[in-house]
Amino acid sequence: MKEEWRLMGPSLPPQLTQGASLAQAAAAALDGHGDLEGMRFADGEMDGLSGKTLDVRGCAFERCRFGDNDFKRVSFVDCTFDKCEWSNARLQNAAIQRARFRGCRMTGLEIMQGALMNVSFDGCMLDYVSFAECKLDRVVFSECRLRESLWSEVRLLKARFDHSDLERAQWARTPLMGLDMTTCRIGGWRISLYDLRGAKVTAAQVIELAGLLGVEIVS
């Protein structure tokens, strides 16, 4: 019987404080002058925080920019991100729990040794994203573009890919046992037969994956 699981969404405070400047609020939090908690930010930018650690809880971000940062440790709990820019950011030892990313541009994002739990990506651009040594538990990618994404030693405990484009994705020591890929584009994958074992695909997708078997299908 197929295992059923539910995604727990972010729980934000009923009233969020409107933050005037995301950069200033982040700097104040890093200096120990306050917490980045229970706030709403729009059109802000979080820049120049490479090598820093940051903890954020119960915040909403709209059209904010987080790119080109190299966080050594970061956590986002009960947060929403709408049409935010994450391209080329690097997150090490990231903890992301009960978070929603909607319509975000995340091209080239790198998440290393991270833990994502109850996280949804809806309509996000994730080409060239890299997950390395991450644990994904109750994570959903819906109508996302993940072309040429890299999955290296990822533990997909509970994950779902719905109507997403994963063409030319690379899977290294990342078993797909039990994952349903039937609504996704999976052409050009680089994956071992061991990691592919147990994944659910359509008959048409089997033909696309035939090259992994070293066989030629003729009509």
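Presented here is an overview of the structure given in this document. (Residues numbered from 1 in each chain as written. Predicted model: local features only at pLDDT ≥ 70, side-chain atom pairs only at ≥ 80, totals over all residues. Heavy atoms only, no water.)

Looking at the overall build of the protein chain
At step 1: The number of helices and strands found in the protein chain is 3 helices and 16 strands.
At step 2: Relative to the globule expectation of 17 Å for 219 residues, the C-alpha radius of gyration of the protein chain, 18 Å, shows essentially globular dimensions.
At step 3: With the C-alpha coordinates of the protein chain rotated into their principal frame, the extents come out at 65 × 35 × 25 Å.
At step 4: Sorting the 219 residues of the protein chain into buried and exposed places 47% on the buried side. (Helix = DSSP H or I, 4+ residues; strand = E, 2+ residues; numbered from the N terminus. Rg over C-alpha atoms; globule rule 2.2 N^0.38 Å. Buried < 20%, exposed > 50% of the residue type's maximum accessible area, 1.4 Å probe, protein only.)

Structural notes on the state of the cysteines
At step 1: Per the counting criterion, the structure on display carries 0 disulfides.
At step 2: Here C64 is not cross-linked by a disulfide; its sulfur's nearest cysteine counterpart is in C84, at 4.9 Å. (Disulfide = S-S within 2.5 Å.)

Quick word on the sheet that holds strand β16 (residues 170-172)
At step 1: Read from one edge to the other, the open sheet built from 6 strands follows the order β6-β8-β10-β12-β14-β16, with strand pairing classed as parallel. Across the chains shown, the open sheet's two edge strands, defined by having one partner strand only, are β6 (70-71) and β16. (Pairing = 2+ DSSP bridges.)

Focus: the environment of T17
At step 1: Tracing the chain through its elements places T17 in strand β1 (residues 17-18).
At step 2: When the C-alpha atoms of T17 and R168 are compared, they prove to be 43 Å apart, with 151 residues separating the residues in sequence.
At step 3: Beyond its immediate sequence surroundings of up to four residues, T17 is in contact with G38, M39 and R40. (Contact = heavy atoms within 4.5 Å.)

Details of the packing of aromatic side chains
For any pair of aromatic rings, the description rests on two quantities: the centre-to-centre distance and the angle between the ring planes.
At step 1: This model, assessed by the stated rule, comprises 21 aromatic pairs.
At step 2: Consider the rings of F76 and F81, whose centres lie 5.4 Å apart with planes at 85°: the pair is edge-to-face. Across the pair, exposure class does not vary: F76 and F81 are buried alike.
At step 3: Taking 5.8 Å as the distance between ring centres and 85° as the angle between the ring planes, the aromatic pair formed by F141 and W151 counts as edge-to-face. Separated by 10 residues along the polypeptide, F141 in strand β13 (residues 135-142) and W151 in strand β14 (residues 150-152) bring together distant segments of the chain. The pair formed by F141 and W151 is uniform in burial state, with each residue classed as buried.
At step 4: The ring of W5 carries the charged tip of R160 above its face, separated from the ring centre by 4.9 Å. (Phe/Tyr/Trp six-rings, centres within 6.5 Å; stacked < 30°, edge-to-face > 60°. Lys NZ or Arg CZ within 6 Å of the ring centre and 35° of its normal.)

Some remarks on the pairing of strand β7 (residues 73-82)
At step 1: Across the 10 residues of β7, 9 count as buried, placing the element largely inside the fold.
At step 2: Bridge count between strand β4 (residues 53-57) and β7: 5 bridges; the pairing is parallel. Along β7, the bridge assignment pairs T53 with R73.
At step 3: The sheet contact formed by strand β5 (residues 60-62) and β7 spans 3 bridges and is parallel. Its bridge partner lying in β7, E62 is registered against D82.
At step 4: The pairing of β7 with strand β9 (residues 94-102) spans 8 bridges and is parallel. Across the sheet, S75 pairs through a bridge with A95, a residue of β9.

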